[in-house]
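# Fold and contact review
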Amino acid sequence: MKYIIAVIKPFKLDEVREALSGVGVTGMTVSEVKGFGRQKGQTEIYRGAEYSTNMLPKVKLEVAVDDAIAAGVVEAIGTAANTGAIGDGKIFVLELAGATRIRTGETGAEAL
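Here's a quick rundown of the structure. Bear in mind the structure is a predicted one, so any value in this text is a computation, not a measurement.

With that settled, the discussion passes to the pairing of strand S5 (residues 56–65). Taken across its 10 residues, S5 has 7 buried, putting it largely inside the fold. As paired strands, strand S1 (residues 2–8) and S5 are joined by 7 bridges and run antiparallel to one another. Opposite Val-7, over in S5, you have Lys-60 as the bridge partner.

Bringing the side chain of Lys-9 into the picture now. With respect to the secondary-structure elements, Lys-9 resides in the loop between S1 and helix H1 (13–22). Ignoring any residue separated from it by four or fewer positions in sequence, one finds Lys-9 in contact with Lys-58, Thr-83, Ala-85, Ile-86, Gly-87 and Asp-88.

What follows concerns the pattern of salt bridges. What the rule picks out here adds up to 5 salt bridges. The partner of Lys-2 in a salt bridge is Glu-95, and the shortest N-O contact between them spans 2.3 Å. Of this pair, Lys-2 sits in strand S1 while Glu-95 sits in strand S6 (residues 89–95), and the two are 93 residues apart along the sequence. For Lys-2, a relative accessible area of 18% puts it in the buried group.

Our focus in this paragraph is the sheet that holds S1. Overall, antiparallel pairing links the 4 strands, which are arranged S2-S5-S1-S6 in an open sheet. Looking along the sheet, the strands with just one partner apiece sit at the ends: strand S2 (29–35) and S6. Across the sheet, the mean angle from the axis of one strand to that of its neighbour is 20 degrees, orientation sign disregarded. Pairing geometry for S2 and S5, over 7 bridges, is antiparallel. The residue of S5 that forms the bridge with Ser-31 is Lys-60. Sheet contacts for H1: S1, S2 and S5; angle to S5, the most-contacted strand, approximately 10 degrees. Strands in contact with helix H2 (residues 67–81) are S1, S5 and S6; relative to S1, the strand with the most contacts, it is inclined by about 5 degrees.

Conventions used here
Residues numbered from 1 in each chain as written. Predicted model: local features only at pLDDT ≥ 70, side-chain atom pairs only at ≥ 80, totals over all residues. Heavy atoms only, no water. Buried < 20%, exposed > 50% of the residue type's maximum accessible area, 1.4 Å probe, protein only. Helix = DSSP H or I, 4+ residues; strand = E, 2+ residues; numbered from the N terminus. Pairing = 2+ DSSP bridges. Contact = heavy atoms within 4.5 Å. Salt bridge = Lys/Arg side-chain N within 4 Å of Asp/Glu carboxyl O. Axes fitted to C-alpha atoms, helices over the stretch in contact; angles between N-to-C directions.

Limitation: the analysis is restricted to geometry and does not speak to function.
See below:
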């Protein structure tokens, strides 16, 4: 099993969700986060004053999937989240040692 974490631009969330549904993902966790990478933040105007912020709003997706569809999930996220501009985000893939569905007690891939 794989645990896939993606940090993307917020306005791309619906496109990514639809792409993931198309490759067989049945659930995910979404969090609103802030961060920065190579883009180093942005300049904004608030009440007429210009200021710079180094933390940009992003969306973090967390998905646990079977090894068989992991590559397709990564490809789907990458394609749907891509704008071609700096700050599109990152995808991390981790080995998942185990999973348990609390309601039924199912473990492993059956719990996903």
